[in-house]
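Per-entry structural report
Chain residues, written in single-letter form:
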Amino acid sequence: MASVVSSASHDAAILAASAKHPTVPQVYKYGTAGFRMNADLLDGVTFRVGLLASLRSRNKSSTAIGVMITASHNPAVDNGVKIVDPLGDMLEQEWEQYATALVNAKSDEELVRIYNKLATDQKIDLTAKAKVIYGRDTRPSGHTLVAALADALDATNTQHVDYKILTTPQLHYLVRATNTEGKPITYGKVSEEGYYEKLAEAFVRALQGRKIQGTLQVDCANGVGGPKLAEFLKYVPKDKVDFDVKVVNDDVLRPEVLNLDCGADFVKTKQRAPPNPKPEPGLRCCSLDGDADRLIYYWTDPDTGFFMLDGDRIASLAAWFISELIESAGLRDSLNIGVVQTAYANGGSTNFITRHLNIPVVCTATGVKHLHHVAQQFDIGVYFEANGHGTVLFSADARKAFKQAQPQSPGQKDAMEILASLADLINQTVGDAISDMLLVEAILAHKNWTLRDWAQTYRDLPNRLVRVEVGDKDLFQTYDSERRLSHPEGAQDEIDGAVKKYSEARAFARASGTENACRVYAEAASHAQANELADRVARIVERYGSTSQ
Ligand code: 16G
Ligand code: MG
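Residues numbered from 1 in each chain as written. Chains lettered and ligands numbered in written order. Predicted model: local features only at pLDDT ≥ 70, side-chain atom pairs only at ≥ 80, totals over all residues. Heavy atoms only, no water.

1. Let's talk about the coordination of the magnesium ion (ligand 2)
The test is simple: With water omitted from the atoms examined, metal sites may look incomplete; donors here are N, O and S atoms no farther than 2.8 Å from the metal, or 3.2 Å in the case of Na, K and Ca. Helix and strand definitions here come from DSSP, where helices need a minimum of 4 consecutive H or I residues and strands a minimum of 2 consecutive E residues; each element is numbered from the N-terminal end. Accessibility here uses a 1.4 Å probe with only protein chains present; expressed as a share of the type maximum, an area under 20% marks a residue as buried, one over 50% as exposed, and anything in between as partly exposed.
Coordination sphere of the magnesium ion (ligand 2), protein contribution only: Ser72 (OG), Asp289 (OD), Asp291 (OD) and Asp293 (OD), at 2.0 to 2.2 Å. Here the donor residues of the magnesium ion (ligand 2) share one chain and are spaced in sequence as S-x216-D-x1-D-x1-D. Of this pair, Ser72 sits in the loop between strand 2 (64-69) and strand 3 (78-84) while Asp289 sits in the loop between strand 8 (284-288) and strand 9 (295-301), and the two are 217 residues apart along the sequence. Ser72 gets classed as buried once you look at its relative accessible area, which sits at 3%. For Asp289, a relative accessible area of 1% translates into the label buried.

2. A word on the site of ligand 1
Operational definition: Proximity is defined per residue: if any heavy atom of the residue lies within 4 Å of a molecule or strand, that residue is considered near it. Identification of polar contacts relies on pairs of N or O atoms within 3.5 Å, with a donor-acceptor requirement for protein atoms, meaning one able to donate a hydrogen and the other able to accept it, and with residues adjacent in sequence counted only if both atoms are side-chain atoms. Working definition of accessibility: Shrake-Rupley area with a 1.4 Å probe, residue cover restricted to the visible protein chains. Residue polarity follows a fixed list, in which Ala, Val, Leu, Ile, Met, Phe, Trp, Tyr, Cys and Pro are nonpolar, Asp, Glu, Lys and Arg are charged, and the others, Gly among them, are polar.
Neighbouring residues of ligand 1: 13 residues in total, closest Glu385, Ser512, Gly513, Thr514 and Arg519. A distance of 3.1 Å separates an oxygen atom of ligand 1 from a polar backbone atom of Val368. In the model, an oxygen atom of ligand 1 is placed 2.6 Å from a nitrogen or oxygen of the Ser512 side chain. Relative to its unbound accessible area of 450 Å², ligand 1 is 90% covered by the protein chains. Across the shell around ligand 1, the residue classes break down as 2 nonpolar, 7 polar and 4 charged.

3. Details of unusual backbone geometry
Where the residue is not glycine, phi is negative for most of them; where a peptide bond is considered, it is trans in most cases. Residues Asn276 and Pro277 are joined by a peptide bond in cis, for which omega reads -15°. Looking at where Pro277 falls in the secondary structure, it is placed in the loop between helix 9 (264-270) and strand 8. In the Ramachandran plot, Asn157 falls in the positive-phi region, its phi being about 55° despite a non-glycine side chain. Mapped onto the secondary structure, Asn157 falls in the loop between helix 5 (142-155) and strand 5 (159-165). Given a relative accessible area of 60%, Asn157 falls into the exposed group.

4. Concerning the sheet that holds strand 15 (residues 463-468)
Applied cut-off: Think of it this way: DSSP has to see at least two bridges between two strands before they count as a pair. Helix axes use the C-alpha atoms of the stretch in contact, all axes being lines fitted to C-alpha atoms, and the angles between their N-to-C directions lie in the range 0 to 180 degrees.
One open sheet accounts for 3 strands, arranged 15-19-18; its pairing is antiparallel. The open sheet is flanked by strand 15 and strand 18 (506-511), the only strands paired with a single partner. Here the average twist between neighbouring strands, direction ignored, is 15°. Sheet topology places strand 18 next to strand 19 (residues 518-523); 6 bridges connect them, and they run antiparallel. When the bridges of strand 19 are listed, Phe508 appears paired with Tyr521.

5. A closer look at the sheet that holds strand 14 (residues 390-394)
Under the convention used in this document: Only heavy atoms matter for contacts: two residues are in contact if any of them lie within 4.5 Å across the pair.
Pairing is mixed in the open sheet, where 4 strands are placed in the order 12-11-13-14. The strands lining the two open edges of the sheet, one partner per strand, are strand 12 (361-364) and strand 14. Within the sheet, the average angular offset between the axes of one strand and its neighbour, ignoring direction, is 20°. When strand 13 (residues 380-384) meets strand 14, the two strands line up antiparallel, connected through 5 bridges. Considered in strand 14, the bridge of Tyr383 is made with Thr391. Lying over the sheet, helix 11 (residues 347-356) contacts strand 11 (337-342) and strand 12, oriented at roughly 165° with respect to strand 11. Packing against the sheet, helix 13 (residues 396-404) makes contact with strand 13 and strand 14, and its axis sits at approximately 70° to strand 14.

6. Considering the UniProt feature "domain: Alpha-D-phosphohexomutase alpha/beta/alpha" (unreviewed entry) in the protein chain
Defined as follows: UniProt positions are given in the numbering used here, feature names are shortened, and annotations may be inferred rather than shown by experiment.
As recorded in UniProt, the sites labelled "domain: Alpha-D-phosphohexomutase alpha/beta/alpha" (unreviewed entry) are residues 62-106 and 127-182. The distance separating the terminal C-alpha atoms of residues 62-106 is 29 Å; by composition the span is 24% helix and 29% strand. For residues 127-182, the end-to-end C-alpha separation is 24 Å, with 48% helix and 23% strand making up the annotated structure.

7. Regarding the UniProt feature "domain: Phosphoacetylglucosamine mutase AMG1" (unreviewed entry) in the protein chain
Within this structure's numbering, the places UniProt gives as "domain: Phosphoacetylglucosamine mutase AMG1" (unreviewed entry) are residues 207-295 and 310-449. The distance from the first to the last C-alpha atom of residues 207-295 is 20 Å, and the span holds 19% helix and 16% strand. End-to-end, the C-alpha atoms of residues 310-449 are 17 Å apart, and along that stretch the chain is 54% helix and 14% strand.

Below, the structure is given as structure tokens:
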């Protein structure tokens, strides 16, 4: 009750600003990637996200909160808005429902009521300082959405900084850098330039003079990754590193070509290289997605066609390289390492990591936030989704050990120095395609490997992913990290029955978190078996999806 007077003016300011940013009536949900939909629906949504971000900042001792405007790999007409917490990770899950409640308020008055109730329930002092920083991808709709966000921040007396066009991981970096500025352990300079400097410097250290073999062709999905990668490359010292990068699909002037027949999502879901420009056979290639937080490698071959190295392959490579370094550094007994995957991870990768590398694998539900939190429980937590989103997290103990342990031999010293450089090179807040790409390039250089050498480390099990239309996807409820269905009753028994008919087989069905459909994944010893199993399970899902309506 202390701030009745100021809260009255606060209410009036929000009401006035909100009147300029109405929402289109429909049910909104803060999903795995925040709010994401056709950009025409997002003006009022973004305004309300701004209100929540200011509350979140006040709830978190006035630390800076991030807001990213992007729809990643979605078509150009879509956009999205999501909130970044003070350490650069995704918004705490409990707050997702508050975002959903604010955005679904049916009138400006109800909006103000929900806003104030949230402040009271969370004991938030609305007169405390608040700070929000934000960025957007290259979508033209980002302009007006940013203006809606700024209106909410002004109405709530929130200090704000517009970083304009950024990759999603750059915004995450800036949030953490802002909140650690002046602290004993800082994350980096609070600027886009600081991000490039940190990465370039760590890349040089990680390479330890090793040569990068041949050209790397990077498809940037005609998104924000193009200009940002070009900018980053200016920071790589030519006298120290010969990094020959050919940037393609970097047209950000024609918005309609964003993610069109190119980018990491295209390559992963279509299982082929982007048609333009056609990669030269044998050339080392990779693709980023529209906001540069996913990475997929591949090459084409006149005889064998196309070979893809996805998030599972990157996780295996990183876990292998880092665990070897931990061994060489003599830190095996003091630091634990683990890999986090989702049910979509190819069984071939899981077997390789657990049986060959002897590294534990934990499976979580789909969505980066789930993987991130589990990875934080290890000293070194490697997490990747098969779609190419992921990173490696290093605990404070691990960083200390890399810097302070006394090396007993030149080999140990080298290993510790590489580990320390990787902890700077790899984005600690979220999956970052540019940073992950530098990690892969550094590992390949150390091992003197081509993509073919990397691909030979294990064999993927043939697999198939199918999208199944159902009346109501929410009928499908899962447990065991989305690997089994608890509802509709009976469906899981039938899936189990189907799986038993095939060798080395596994299958699961889950409701999508981003669209009204179910997804079915199946893998088995041969392509024919995987396809057949996927079809059978899809039919089971279809049947349960329609009879239960
Ligand atoms: C979102 C998630 C991604 C996940 C995908 C699954 C984040 C930032 N993004 O794009 O990690 O793989 O959803 O989509 O968490 P689905 O639920 O439709 O299969
Ligand atoms: Mg993305």
